[in-house]
Amino acid sequence: MRVLRAIAAVLLLAACQQSKPSADTPGARLEIAAVARGLVPDPAGGTLFGIWANETDRLCVVPGGRADRIGARVDYGEGQGCSAAGTVERDGAALRITFGECRFEAEFDGERIAFPAVLPAACGRVCSGRASLTALTVERLSESVSEAAMLRGADGKPLCAG
């Protein structure tokens, strides 16, 4: 009996992993209607460019030649912080971010950019002390590309400069 339950659980789990979200579910229809009426921002629309912030955390995004530029600064004070510069590629609500060897996918919902709660170990190299880029979540502060280009890291260098 336990063997049959285990097999059923494995088959059910495999079926869940293979299923794709349907646009014909009540939740999906509600989301589509809310976006169409402007109640919820469309993550596929809108621009990433500008300054994003949450308290002392800052993120800049500016257009680039081959790839858009992104920079992040986390400042907890007294040697506790992160400073990273790299590129970002957008695929709808997904953002593929590269800070050198630190590569991960973040989420963009039209109003916020959210880094995942678990990042590759290489991402720790851009931080000092106990600071981390994990779960960094920022909201739009300004759509100004010129302001975004002025964001500087702890070393004083622009984070979003080409």
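Everything below is about the structure shown above.
Predicted, not measured: the structure shown is a model, and the values here were computed from it.

## Observations regarding the overall build of the protein chain
Scanning the protein chain from terminus to terminus reveals 3 helices and 9 strands. Listing the helices and strands of the protein chain from first to last along the sequence gives α-α-β-β-β-β-β-β-β-β-β-α. The buried share among the 162 residues of the protein chain stands at 27%. In the protein chain, 49% of the contacts between residues at least 6 apart in sequence involve partners at least 24 apart. Of the accessible surface of the protein chain, which amounts to about 10200 Å², a share of 55% is contributed by carbon and sulfur atoms.

## Some details on the nonpolar core
In terms of nonpolar packing, the biggest core is built from 26 residues, with L59, I97, F99, F104, I113, F115 and L133 touching the most fellow members. Contributing elements (two or more residues each) for this core: β2 (57-62), β3 (68-77), β4 (80-91), β5 (94-99) and β6 (102-108). Element by element, the count of residues in this core is highest for β6, at 4 residues. Residues contacting F99, with those up to four places away along its chain left out, are I70, G71, A72, A84, A85, G86, F104, F115 and L133.

## Brief notes about the environment of F104
Looking at the element boundaries, F104 is found in strand β6. When the C-alpha atoms of F104 and C123 are compared, they prove to be 9.1 Å apart, with 19 residues separating the residues in sequence. If we skip the residues at most four places from it in the chain, F104 touches L95, R96, I97, F99, F115, P116, L119, P120 and C123.

Rules of the game
Residues numbered from 1 in each chain as written. Predicted model: local features only at pLDDT ≥ 70, side-chain atom pairs only at ≥ 80, totals over all residues. Heavy atoms only, no water. Helix = DSSP H or I, 4+ residues; strand = E, 2+ residues; numbered from the N terminus. Buried < 20%, exposed > 50% of the residue type's maximum accessible area, 1.4 Å probe, protein only. Contact = heavy atoms within 4.5 Å. Areas by Shrake-Rupley, 256 points an atom, 1.4 Å probe, with all protein chains shown as cover. Core = buried A, V, L, I, M, F, W, Y, C linked by side-chain atoms within 4.5 Å.

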